[in-house]
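# Working through the structure, step by step
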Amino acid sequence: MCGIFGYIGKRDAKRIIVEGLKRLEYRGYDSWGIALLEKGKIHQYRDISEISTNKRILDLPCSNIGIGHTRWATHGGVSKKNAHPHISLTKDFTLVQNGIVENFEDLKKDLIAKHVTIKSETDTEIIVRLIEEARNKEKNLKESIISVFERLKGRNTIAVLDSKNGKIYAIRNGSPLILGIGKEEIFLASDTLSFSPYCKNIVVVDNLEMVEIEHNSFKVTDLTNSKVKNVTVTKLKYLYEDIDKGEYKHYMLKEIVEQSNTFINAIAYSEKDLQSLSKSIKQSSRVYIIGAGTAGFAAGQIAYFLRNIGGIDAQDLRSYEFASYLPIVKPTDLIVALSQSGETADTIEALEELKKKGCKIASLVNMLGTTISRLSDYQFFSNAGPEICVASTKVFTSQCVWGYILAKNIVGDLKGGKREILTLAKELKTFFSSKNLSSIDEISKKLVKQEHMFILGKGQNFNIALEGSLKIKEISYKHVEGFAAGELKHGVIALIEKGTVVFGILSNDRDSKDILSAMEQVKARGAFTIGIGDKKFKKKDVFDRYIVTPGRDIASSITNVIPFQLISYYLSVRLGNNIDKPRNLAKSVTVK
Ligand code: AGP
């Protein structure tokens with residue numbers, strides 16, 4: 001979703017900002033813009049095409065100060081007019097925003113009643129007009145920004161470039177805002193990845209804090225008491241200088257194949273690191289694992305591991321459904337939040353409410369310096385490295401792997417758990433280098449004309465069926481439904497006819513016989529059956545195709561998702577879809 005970037009320093013701001021916006025584009029965007037300050041004058045460029053240093057950008061004057069924005073439309077269509085920055089009528093300040101002004105209709109009505117001209121359909125322009133109005137009442141720009149910000153409802157973060165003094169002001173409430181402190185330069189952005197080639201030192205701005213940046217200095221003010229804050233500078237572990245596709249055509253395939261390494265990175269936790277969380281889990285009355293989308297399915301998988309390996313009362317909970325659980329949540333319950341971005345609005349809202357209930361919070365996040373980590377009593381990182389493709393692949397399996405070793409640690413067998421994962425990682429390397437990729441591509445050819453497909457899972461493979469179907473939906477735009485094999489006879493079987501594609505996921509466990517019999521039933525009704533899982537079940541009379549996955553017993557469910565990721569990839573390539581940036585989707589869902 002929307003991304004904010006700001007820069008004051010010694011380099012060519014236009015290049016740094018465009019580069020920063022490109023690094024933010026993975027979040028999803030449909031238009032973009034930049035504003036530069038040169039000799040007291042603001043120069044802007046807004047576009048609805050791909051972010052690039054095009055001729056119009058190159059024609060902008062040289063400058064060391066500027067702001068930029070990637071927009072993911074919420075109010076008003078995708079147009080240059082609606083793209084940010086939105087400049088004041090007198091062209092002396094310009095503003096970018098991330099979030100949704102929930103009371104925008106009321107504020108707009110007031111302005112229209114006062115005959116203020118509104119040029120765009122955005123909630124962002126309303127903020128600009130309100131700031132102009134406040135400033136006309138003899139307030140300076142900084143005070144006007146604060147007073148208007150206080151009137152905005154919802155989660156919003158803004159950045160304003162002031163032409164009069166060359167400063168950038170920014171206020172955060174909800175959507176992320178991070179400062180990067182370099183040598184003679186300061187960055188301001190929605191994530192650390194966007195400026196990561198240039199600096200490791202960061203300051204995470206908290207809600208209701210205002211940042212004021214000028215050359216070589218910055219100040220953070222707590223707006224709740226108007227006091228300047230003593231900030232904590234955190235050092236990032238890595239500088240991600242090159243984020244590129246390497247030998248791959250798309251980030252998605254690169255990230256899928258990286259899993260033989262990310263499995264290993266996900267287990268970089270010792271007994272000591274896991275000790276206090278494991279203790280808290282054992283002492284809690286119940287553990288709720290929460291997340292949305294793919295992270296929600298990983299939550300289901302981890303809850304399964306905690307119940308079936310650790311004997312823990314663990315329940316997965318979709319972040320956006322937390323409200324219906326509030327009446328039964330106890331302060332002695334523990335919450336484990338999963339998120340790639342660490343900024344998912346649904347998950348943040350749930351955590352804030354659950355925290356109020358007195359629950360302790362643990363989190364597993366992939367990005368550094370995020371809101372979800374900061375809300376947590378126990379912070380863990382999935383260490384999967386930047387995941388650029390909108391569809392999550394390697395982070396899903398990292399989350400499952402972490403949950404697996406956590407469950408093993410609870411029963412005192414962390415070493416055994418890690419050994420199993422290392423074996424899986426090794427087998428995965430062979431899996432990716434073998435002829436598997438071409439035979440999966442071959443299977444995907446069969447699916448090009450299908451409009452509806454079904455995936456059956458049970459027990460440890462139930463959430464894998466849900467995640468597998470989400471993966472194929474996201475990129476191929478095909479209707480794929482994952483469901484519990486047990487549901488088949490209770491209704492879904494009515495949809496099966498000659499040629500319907502049905503996948504069955506099988507691990508070497510007690511549920512496999514039910515999946516096998518469900519697959520026999522759909523086969524008897526003419527379905528085209530594809531099995532995924534343990535080689536033991538590769539039966540010609542049940543399956544038209546079979547993909548053998550690495551792993552044995554319980555940990556094998558984690559690798560069972562990989563053929564679905566690959567099918568999603570190869571099928572979508574065949575369909576000519578935009579693999580890394582599927583339509584309508586955003587990587588970081590920072591609004592509700
Ligand atoms: C994953 O493929 C999806 N794009 C999406 O469901 C995602 O998992 C969800 O929005 C949650 O994001 P998070 O992990 O950053 O919290």
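Residues numbered from 1 in each chain as written. Predicted model: local features only at pLDDT ≥ 70, side-chain atom pairs only at ≥ 80, totals over all residues. Heavy atoms only, no water.

### Digging into the overall build of the protein chain
- Across its full length, the protein chain holds 18 helices and 25 strands.
- The globule rule puts the C-alpha radius of gyration for 592 residues at 25 Å, and the 25 Å found for the protein chain is close to it.
- Its C-alpha atoms put the protein chain at 80 × 50 × 45 Å along the principal axes.
- Each of the 592 residues in the protein chain was classed as buried or not, and the buried ones make up 61%.
- Of the contacts formed within the protein chain by residues at least 6 apart in sequence, a portion of 71% connects residues at least 24 apart.
- Summed over all atoms, the accessible surface of the protein chain reaches about 23,400 Å², with 49% contributed by carbon and sulfur.
- Charged side chains of the protein chain number 86 positive and 69 negative; the gap between the two group centres comes to 2 Å. (Helix = DSSP H or I, 4+ residues; strand = E, 2+ residues; numbered from the N terminus. Rg over C-alpha atoms; globule rule 2.2 N^0.38 Å. Buried < 20%, exposed > 50% of the residue type's maximum accessible area, 1.4 Å probe, protein only. Contact = heavy atoms within 4.5 Å. Areas by Shrake-Rupley, 256 points an atom, 1.4 Å probe, with all protein chains shown as cover. Lys, Arg positive; Asp, Glu negative; His and termini not counted. Charge placed at Lys NZ, Arg CZ, Asp CG, Glu CD.)

### What to know about the domain arrangement of the protein chain
- The domain architecture assigned to the protein chain consists of domain 1 (2-235), domain 2 (262-431) and domain 3 (433-592).
- On a C-alpha basis, the centroid separation for the pair domain 1 and domain 2 is 33 Å.
- Per-residue buried area on domain 1 facing domain 2 is highest for Tyr26, Arg155 and Leu193; these three make up 50% of the total on that side.
- Taken together, domain 1 and domain 2 are joined by two salt bridges.
- Put simply, Asp206 and Arg374 hold a salt bridge, and the shortest N to O gap is 2.9 Å.
- Counting across the domain 1 and domain 2 interface gives three residue pairs in polar contact (both at pLDDT 80 or more). (Domains from an automatic or database assignment. Buried area = accessible area lost by both parts, 1.4 Å probe. Salt bridge = Lys/Arg side-chain N within 4 Å of Asp/Glu carboxyl O. Polar contact = N/O pair within 3.5 Å; in protein donor to acceptor, adjacent residues only side chain to side chain.)

### Section: the packing of aromatic side chains
- Counted under the stated rule, the structure contains 15 aromatic pairs.
- Between Phe305 and Tyr404 the ring centres are 5.2 Å apart and the planes differ by 75°, which places this aromatic pair in the edge-to-face class. Taken together, the residues span a long stretch of sequence, with Phe305 in helix 9 (residues 294-308) and Tyr404 in helix 12 (residues 394-410) at a distance of 99 residues.
- Relative to Tyr570, the ring of Tyr569 has its centre 5.2 Å away and its plane inclined at 75°; by these criteria the two rings are edge-to-face.
- What makes Tyr569 buried here is its relative accessible area of 5%.
- You can call Tyr570 buried: its relative accessible area is 12%.
- Through pairs of rings, three or more aromatic residues link up here, namely Phe5, Tyr7, Phe187, Phe195 and Tyr198.
- Sitting above the plane of the Phe528 ring, Lys446 keeps its charged end 4.5 Å from the centroid.
- Between Arg583 and the ring centre of Tyr477, over which it is positioned, the NZ or CZ distance is 3.9 Å. (Phe/Tyr/Trp six-rings, centres within 6.5 Å; stacked < 30°, edge-to-face > 60°. Lys NZ or Arg CZ within 6 Å of the ring centre and 35° of its normal.)

### Examining the nonpolar core
- Core analysis: the largest hydrophobic core is formed by 87 residues, its most contacted members being Leu306, Trp402, Phe503 and Leu566.
- Two domains share this core, each providing at least three of its residues, namely domain 2 (262-431) and domain 3 (433-592).
- The contact partners of Phe503, leaving out residues within four places of it in the chain, are Leu447, Met453, Phe454, Ile455, Leu456, Met519, Ile530, Ile532, Phe564 and Ile567.
- Formed by 25 residues, the second largest nonpolar core is a distinct cluster that contains Tyr7, Phe187, Ala189 and Ile202. (Core = buried A, V, L, I, M, F, W, Y, C linked by side-chain atoms within 4.5 Å.)

### A short note on the packing of helix 8 (residues 271-283) against helix 12
- For the pair helix 8 and helix 12, interaxial distance at closest approach is 9 Å and the crossing angle is 75°. By the angle between their axes, helix 8 is roughly perpendicular relative to helix 12. Where helix 8 abuts helix 12, its residues Glu271, Leu274, Gln275, Leu277, Ser278, Ile281 and Lys282 lie against Trp402, Ile405, Leu406, Asn409 and Ile410. (Axes fitted to C-alpha atoms, helices over the stretch in contact; angles between N-to-C directions. Parallel < 35°, antiparallel > 145°, perpendicular 65-115°, else oblique.)

### Quick word on the site of the ligand
- Taken together, 15 residues lie near the ligand, and Ser339, Gln340, Ser341, Thr344 and Glu474 sit nearest.
- In the model, an oxygen atom of the ligand is placed 3.2 Å from a nitrogen or oxygen of the Thr294 main chain.
- Taken atom by atom, the bulk of the ligand overlaps the largest pocket.
- Counting only elements with at least two residues in the shell around the ligand, the list comes to helix 9 and helix 15 (462-476).
- The biggest single contributor to the shell around the ligand is helix 15, with three residues. (Near = heavy atom within 4 Å. 1 Å grid on protein atoms, 1.4 Å probe; cavity = no way out; pocket = protein on both sides within 12 Å on 5 of 7 lines; lining within 4 Å. Sits in = over half its atoms within 2 Å of the grid points.)

### Brief notes about the layout of surface pockets
- In this structure, the largest pocket spans a volume of roughly 550 Å³.
- Ala292, Gly293, Thr294, Lys587 and Val589 are the residues nearest the centre of the largest pocket, which is lined by 26 residues in total.
- Of the residues contributing to the lining of the largest pocket, the split by class is twelve nonpolar, ten polar and four charged.
- The two domains that each donate at least three residues to the lining of the largest pocket are domain 2 (262-431) and domain 3 (433-592). (Points joined across faces, edges and corners; volume = space filled by probe spheres on them. Nonpolar A, V, L, I, M, F, W, Y, C, P; charged D, E, K, R; others polar.)

### Comments concerning the pattern of salt bridges
- Counting across every chain of the model gives 34 salt bridges.
- The salt bridge partner of Lys254 is Glu258, with a shortest N-O separation of 3.1 Å.
- In this structure, a network of salt bridges that share partners links the residues Lys142, Lys167, Glu212 and Lys219.

### Section: the packing of helix 13 (residues 414-433) against helix 18 (residues 562-575)
- Close contact between helix 13 and helix 18 brings their axes to 13 Å; oriented N to C, the two are set at 30°. When the interaxial angle is binned, helix 13 and helix 18 end up roughly parallel. Between helix 13 and helix 18 lies a crossing whose hand is right-handed. Between helix 13 and helix 18, the residues in contact are Leu428, Phe431 and Phe432 and Ile562, Pro563 and Leu566, respectively. (Left-handed = near helix turned anticlockwise from the far one by under 90°.)

### Quick word on helix 3 (residues 104-113)
- For helix 3, every residue scored as buried is listed here: Phe104, Leu107 and Leu111. End-on view of helix 3: buried residues confined to an arc of 70°, all on one side of the axis. Across from the buried face of helix 3, at angles greater than 90 degrees, the exposed residues are Lys109 and Ala113.
- The inward-facing, buried residues of helix 3 contact helix 4 (123-136) and helix 5 (141-151). (Arc of directions from axis to C-beta.)

### Things to note about the sheet that holds strand 16 (residues 287-291)
- Strand order in this open sheet of five strands is 17-16-18-19-20, and the pairing throughout is parallel. Edge strands, defined here as strands with exactly one partner in the open sheet, are strand 17 (314-318) and strand 20 (378-381). For this sheet the average axis-to-axis angle between neighbouring strands, irrespective of direction, equals 20°.
- Seen against the sheet, helix 8 touches strand 16, strand 18 (334-339), strand 19 (360-365) and strand 20 and runs at an angle of roughly 125° to strand 20.
- Its contacts with the sheet put helix 9 on strand 16, strand 17 and strand 18, and the angle it makes with strand 17 is roughly 175°. (Pairing = 2+ DSSP bridges.)

### Points about unusual backbone geometry
- Cis geometry is adopted by the peptide bond preceding Pro85, which originates at His84 and carries an omega value of 0°.
- Along the chain, the position of Pro85 falls in the loop between strand 4 (65-71) and strand 5 (86-87).
- Even without a glycine there, the phi angle at Asn216 is positive, about 65°.
- Relative to the helices and strands, Asn216 resides in the loop between strand 12 (209-214) and strand 13 (217-222).
- Phi at Asn383 takes a positive value of approximately 55°, unusual for a residue other than glycine.
- By the secondary structure assignment, Asn383 is in the loop between strand 20 and helix 12.

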